[in-house]
Amino acid sequence: DKKRKILTLVFIVEDKKILLGMKKRGFGVGKWNGFGGKVDVGKETIEEAAQRELQEECGLTALDLQQRGIIFFEFEKEIDELFEVHLFMATKYSGTAAETEEMLPEWYDLDDIPYRFMWVDDKHWLPIAIAGKNLKAHFVFSDMKTIKNFELQLLA
Ligand code: 6U4
Ligand code: NA
Ligand code: NA
């Protein structure tokens, strides 16, 4: 079995707008995405990691962090790990979004989300999460730009 890597992903939604971050380095560089990263397992909870990464990457603290589910990612070639991404949304926060070494934050209208410049899986589940539903999904990529197959289910 592949080694599992636990990650977080947080989206802030406020007044028909969503905060995205342009990733400036590392995994997913050049894409708009939510904020998140690796959980330091044994040293923090998944929610603590979600808050820490949000703070580190754009300077915000979520005040109503809500779980939206789990998304598994496998990459046939580039990466030999199973990513287990814990998805969260928040509508209340403290702080002001600011550029950091890792991310350039920007607000987008909810009806103008730049899916073409995001991970190709996002269009399949982000609308569901924005609608307030929880989901579980599993994507298999044949390369970084191509989904080979996926499953998605809504959770109660
Ligand atoms: P460093 O640079 O070591 O601090 P860290 O911030 O811990 O890294 P990073 O940025 O590599 O971790 O985390 C990857 C981020 O990308 C996580 O928020 C999960 C997210 N992610 C991974 N695969 C994704 C995919 N296919 N679609 C998506 N987000 C994905 O929307
Ligand atoms: Na990150
Ligand atoms: Na990070």
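No experiment lies behind these values; they were computed from the predicted model shown.

Student: Explanation requested: the site of ligand 1 in the structure shown.
Tutor: The full set close to ligand 1 counts 19 residues, and Thr-8, Lys-23, Lys-38, Asp-121 and Asp-122 are the nearest of them. The separation between an oxygen atom of ligand 1 and a polar side-chain atom of Glu-57 is 3.4 Å. One nitrogen or oxygen atom from the side chain of Asp-122 is found 2.6 Å from an oxygen atom belonging to ligand 1. Sorting the residues of the shell around ligand 1 by element identifies strand S1 (3–14), helix H1 (46–58) and helix H2 (122–130) as the ones contributing at least two each. By residue number, the principal contributor to the shell around ligand 1 is S1, which donates three residues. Residue composition of the shell around ligand 1, by class: seven nonpolar, four polar and eight charged.

Student: So what exactly am I meant to see when it comes to the environment of Phe-72 here?
Tutor: Relative to the assigned elements, Phe-72 resides in strand S5 (residues 66–75). Residues Phe-72 and Asp-1 lie 71 residues apart in sequence; the distance between their C-alpha atoms is 14 Å. Contact partners of Phe-72, with chain neighbours within four places excluded, come to Arg-4, Leu-82, Phe-83, Glu-84, Lys-136, Ala-137, His-138 and Phe-139.

Calculation notes
- Residues numbered from 1 in each chain as written.
- Chains lettered and ligands numbered in written order.
- Predicted model: local features only at pLDDT ≥ 70, side-chain atom pairs only at ≥ 80, totals over all residues.
- Heavy atoms only, no water.
- Near = heavy atom within 4 Å.
- Polar contact = N/O pair within 3.5 Å; in protein donor to acceptor, adjacent residues only side chain to side chain.
- Helix = DSSP H or I, 4+ residues; strand = E, 2+ residues; numbered from the N terminus.
- Nonpolar A, V, L, I, M, F, W, Y, C, P; charged D, E, K, R; others polar.
- Contact = heavy atoms within 4.5 Å.

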